[in-house]
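# Close look at the chain arrangement
Letter by letter, the chains look like this.
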Amino acid sequence: MNEQNHVIHKDGQVSTDKVDNAIEKIAPEEREQILQNFDAFKEYLGKRIAMGESIGLSEEQMAKIAQKVADHLAANEEPRNREEKLLQELWNVGKEDERHMLAHMLVRLAQSSTTNH
């Protein structure tokens, strides 16, 4: 797969327009496993955040990606648990700037979940 199909490029540039495509490439069984349990979701997100940090992405870049992921999930996935239902409801009532701040909080939540394990 060439680099133009990736969300994050080797030079650190982020293509948030590729997020939907990247999510759709996750096998349905794996996607279900990630979304079934909120702790599994935080762990998965935490690993991706750690990967982003290791290549030098800023919190702002990661929040932009998280915002696109949340947009995709809110539009295409049914919540699998209470936590996801709450996040979806907050996402749906939030204005653009509020959604962006929630994306920042999700990044920090995922960061804290990886440092606590």
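Presented here is a report on the structure given in the accompanying data block. Treat the numbers as computed from the prediction; the structure is a model and nothing was measured.

Rules used throughout
Residues numbered from 1 in each chain as written. Predicted model: local features only at pLDDT ≥ 70, side-chain atom pairs only at ≥ 80, totals over all residues. Heavy atoms only, no water. Core = buried A, V, L, I, M, F, W, Y, C linked by side-chain atoms within 4.5 Å. Buried < 20%, exposed > 50% of the residue type's maximum accessible area, 1.4 Å probe, protein only. Helix = DSSP H or I, 4+ residues; strand = E, 2+ residues; numbered from the N terminus. Contact = heavy atoms within 4.5 Å. Arc of directions from axis to C-beta. Axes fitted to C-alpha atoms, helices over the stretch in contact; angles between N-to-C directions. Parallel < 35°, antiparallel > 145°, perpendicular 65-115°, else oblique. Nonpolar A, V, L, I, M, F, W, Y, C, P; charged D, E, K, R; others polar. 1 Å grid on protein atoms, 1.4 Å probe; cavity = no way out; pocket = protein on both sides within 12 Å on 5 of 7 lines; lining within 4 Å. Points joined across faces, edges and corners; volume = space filled by probe spheres on them.

## Some remarks on the nonpolar core
Residues Phe 41, Leu 45, Ile 49 and Val 107 are the most contacted members of the largest nonpolar core, which totals 22 residues. The set of elements that each furnish at least two residues to this core consists of helix H1 (19-24), helix H2 (28-36), helix H3 (38-54), helix H4 (59-76) and helix H6 (96-115). Broken down by element, the residue count for this core peaks at six residues, all from H4. Among all residues touching Phe 41, those that are not within four sequence positions of it are Ile 34, Leu 35 and Leu 73.

## Points about H2
Among all positions in H2, only Arg 31, Ile 34 and Leu 35 are buried. Projection of H2 onto a plane perpendicular to its axis shows the buried side chains occupying an angular sector of 90°, all on one side. Among the exposed residues of H2, those oriented more than 90 degrees off its buried face are Glu 29 and Gln 33. Those residues of H2 that are buried lie in contact with H1, H3, H4 and helix H5 (82-93).

## Here we look at the packing of H4 against H6
Packed helix pairs are characterised by how far apart their axes lie and by the angle those axes make with each other. Where H4 meets H6, the axes come as close as 8 Å, and the angle between the chain directions of the two elements is 110°. Between H4 and H6, the crossing angle belongs to the class labelled roughly perpendicular. Touching Glu 59, Glu 60, Met 62, Ala 63, Lys 64, Ala 66, Gln 67 and Asp 71 of H4 are Glu 96, Arg 99, His 100, Ala 103, His 104, Val 107, Arg 108 and Gln 111, all from H6. Tallied by class, the residues present in the contact of H4 with H6 amount to five nonpolar, four polar and seven charged.

## Thoughts on empty space enclosed by the protein
Under the definition given, this model contains one cavity of 30 Å³ or more. Counted as a void, the largest cavity has a volume near 270 Å³. As for the largest cavity, its lining consists of 17 residues, and the residues nearest its centre are Phe 41, Ala 70, Leu 73, Glu 84 and Leu 87. Among the elements of the structure, H3, H4, H5 and H6 are those that each provide at least two residues to the lining of the largest cavity. Counting residues per element, the lining of the largest cavity draws most heavily on H4, which supplies five residues. Looking at the lining of the largest cavity, its residues break down into 13 nonpolar, one polar and three charged.

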